[in-house]
Amino acid sequence: MRVLVIGGGGREHALVWKIVQSPLVHRVYCAPGNAGIAQCAECVAIRPTDLNALADFAETHNVGLTVVGPEAPLAAGIVDIFESRGLRIFGPSADPARIESSKAFARQLMRSAGIPCPEFWICDTPTEALDRIREYFAARGPEARIVIKADGLAAGKGVSVVQGEAAAQEAVHRIMSARVFGAAGDRIVVEECLHGEEASIMAVTDGKTVVPLLPSQDHKRACDNDQGPNTGGMGAYTPVPALPPPLLAEAIERILHPAIAAIYELGIPYQGVLYAGVMITDQGLQTIEFNCRFGDPETQVVLPLLQSDLVPLLLGAVDGTLEAVPVQWRDSAAVGVVAASGGYPGDYEVGKVIAGLDVASTLPDTLVFHSGTRQQGDQIVTDGGRVLTVVGVGATLLDAAARAYDGLGHIHFDRMHFRKDIAARALKLL
Ligand code: AMP
Ligand code: GLY
């Protein structure tokens, strides 16, 4: 079978890396891919949001399965287009993809399905938002923390966790009046701020059967000790000691299953990945968000531990036969550290030569997944904010982290920065 993967980040590199190992697959394309993906698949210069061009490509190249990485094409209806043309594609259609593309839709679904989540208020005007915020601080005191979210997609940057009423007002102003996220800020969700360890639980589903993947933990802040601005994710690890098996089972029972059932009741079947971002608070599990796709960088640490073939799992979701698909995991740990361009998540320069890739990728139990990279002559240069993820696999989180940081130690580019504390809290907990 021929497989087309859509996207060009570390998540897609990990997907391609795993898919090419499948005996069911003889050719893998990736649109648009990156310099690392080009080493194991055929890259195609089509943008992920050029939906009709992607469908044309899949049709003319006899692609038997298309796998969508990022959220934007899902929200724009790529699955609807492919399905209307009789093309097999892994991912939810645009309607259920609102579970990620609209924070208000997601919160309303959680409330109606009884899924544990913080108190929230959906606001359509700045006045309404400022009223809710005033009431919030009147009830909880001036030092309280609050969360302000743009309703629509904002590349992972639409969420502000702030302290005090003035900062909350400022966040509302930025989103709704200055419109820094454009139309994504036409509506906002104001939320109670929760505290605790976060975990990412991705599950593959055909709308009935739910196959959870190993849980992982992302590190969203740019700097060590969770300081600095939110990013797309600076590193991840699995397993998550803060989410032992009984708590994971509870999350699947109380969060993932009811969400899929609630979507089913709306008459809009869900197939693909449902990703729950959860928080383990003193009051128990709470749901932070849902995503309608694989996480990045979570996928880079989870897939290396998947012993069985990924492709039957993807096909089972598309074809509604997931129940019969066997899944085996390696009893190991994985830690992934993202190397980013200086300045990310703000402005950064690209085109910096990356040294040491060949050495790092030949180290034992070390994988280098590319994100923003491109080939320039015989060199590989940076081409994005997040540049690559180095993943170490080992018997324990400690071994895995040592491998990842050892691998990263061989890689260099001008103004490269990375967090030095990926998995550190988990290691302390152990
Ligand atoms: P989201 O895009 O909704 O996952 O939000 C990005 C990040 O903001 C999350 O990973 C959390 O760290 C933080 N966050 C979002 N909602 C809340 C909340 N209600 N309480 C505390 N932190 C939150
Ligand atoms: N790493 C967070 C995400 O993929 O949304």
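Below or above, wherever it landed, is the structure these notes cover.

Criteria and thresholds
- Residues numbered from 1 in each chain as written.
- Chains lettered and ligands numbered in written order.
- Predicted model: local features only at pLDDT ≥ 70, side-chain atom pairs only at ≥ 80, totals over all residues.
- Heavy atoms only, no water.
- Helix = DSSP H or I, 4+ residues; strand = E, 2+ residues; numbered from the N terminus.
- Buried < 20%, exposed > 50% of the residue type's maximum accessible area, 1.4 Å probe, protein only.
- Contact = heavy atoms within 4.5 Å.
- Areas by Shrake-Rupley, 256 points an atom, 1.4 Å probe, with all protein chains shown as cover.
- Lys, Arg positive; Asp, Glu negative; His and termini not counted.
- Charge placed at Lys NZ, Arg CZ, Asp CG, Glu CD.
- Near = heavy atom within 4 Å.
- Polar contact = N/O pair within 3.5 Å; in protein donor to acceptor, adjacent residues only side chain to side chain.
- Nonpolar A, V, L, I, M, F, W, Y, C, P; charged D, E, K, R; others polar.
- Pairing = 2+ DSSP bridges.
- Axes fitted to C-alpha atoms, helices over the stretch in contact; angles between N-to-C directions.
- Salt bridge = Lys/Arg side-chain N within 4 Å of Asp/Glu carboxyl O.

### What about the overall build of the protein chain?
Here is step 1: A tally of regular secondary structure across the protein chain gives 14 helices and 22 strands.
Here is step 2: Projected onto the principal axes, the alpha-carbon positions of the protein chain cover approximately 60 × 45 × 45 Å.
Here is step 3: Relative to its 430 residues, the protein chain shows a buried fraction of 57%.
Here is step 4: Counted over contacts in the protein chain with a minimum sequence separation of 6, partners at least 24 positions apart contribute 68%.
Here is step 5: Only carbon and sulfur atoms are counted for the fraction: they give 50% of the accessible area of the protein chain, which is about 16,900 Å².
Here is step 6: Each charge class in the protein chain was averaged separately, 35 positive and 49 negative side chains, and the resulting centres sit 2 Å apart.

### Comments concerning the site of ligand 1
Here is step 1: Within the structure, ligand 1 sits among 16 residues, and E191, L194, E198, K220 and E289 are positioned closest to it.
Here is step 2: Measuring from an oxygen atom of ligand 1, one finds a side-chain N or O atom of K103 at 3.1 Å.
Here is step 3: Within the side chain of E289, a nitrogen or oxygen atom sits 2.8 Å from an oxygen atom of ligand 1.
Here is step 4: About the coverage of ligand 1: the protein hides 92% of its 470 Å² of free accessible area.
Here is step 5: Taken together, the residues of the shell around ligand 1 sort by class into eight nonpolar, one polar and seven charged.

### Thoughts on the site of ligand 2
Here is step 1: In the vicinity of ligand 2, the residues found are D218, K220, G232, Y275, N291, R293, G295, D296, P297 and E298.
Here is step 2: The backbone of D296 places a nitrogen or oxygen atom 2.8 Å from a nitrogen atom of ligand 2.
Here is step 3: Note that a nitrogen atom of ligand 2 is positioned 2.9 Å from one of the side-chain N or O atoms of E298.
Here is step 4: For ligand 2, whose unbound accessible area comes to 200 Å², protein coverage reaches 90%.

### Some details on the sheet that holds strand β8 (residues 159-163)
Here is step 1: Taken in spatial order, the four strands line up as β6-β9-β7-β8 in an open sheet, and their pairing is antiparallel. Looking along the sheet, the strands with just one partner apiece sit at the ends: β6 (120-123) and β8. Each strand axis lies, on average, 20° off the axis of its neighbour in the sheet, ignoring direction.
Here is step 2: By the bridge criterion, four bridges tie β6 to strand β9 (residues 188-192) in an arrangement that is antiparallel.

### A closer look at the pattern of salt bridges
Here is step 1: Considering all chains together, one arrives at 28 salt bridges under this definition.
Here is step 2: A salt bridge links R88 to D319, with the nearest nitrogen and oxygen atoms 2.7 Å apart. In this pair, R88 is assigned in the loop between α4 (78-84) and β5 (89-90) and D319 in helix α11 (residues 311-319), connecting sequence segments 231 residues apart.
Here is step 3: Taken together, the salt bridges that share partners define one network made up of E197, D226, R419, D421 and R425.

### Considerations on the pairing of strand β19 (residues 366-370)
Here is step 1: Counting buried residues in β19 gives five out of five residues, a clear majority hidden from the surface.
Here is step 2: Here β19 shows no split at all, with T366, V368 and H370 on one side and L367 and F369 on the other all buried.
Here is step 3: As defined by bridge partners, β19 adjoins strand β22 (residues 386-394) across five bridges and the pair is classed as antiparallel. Following the sheet pairing, T366 is matched in β22 by G392.

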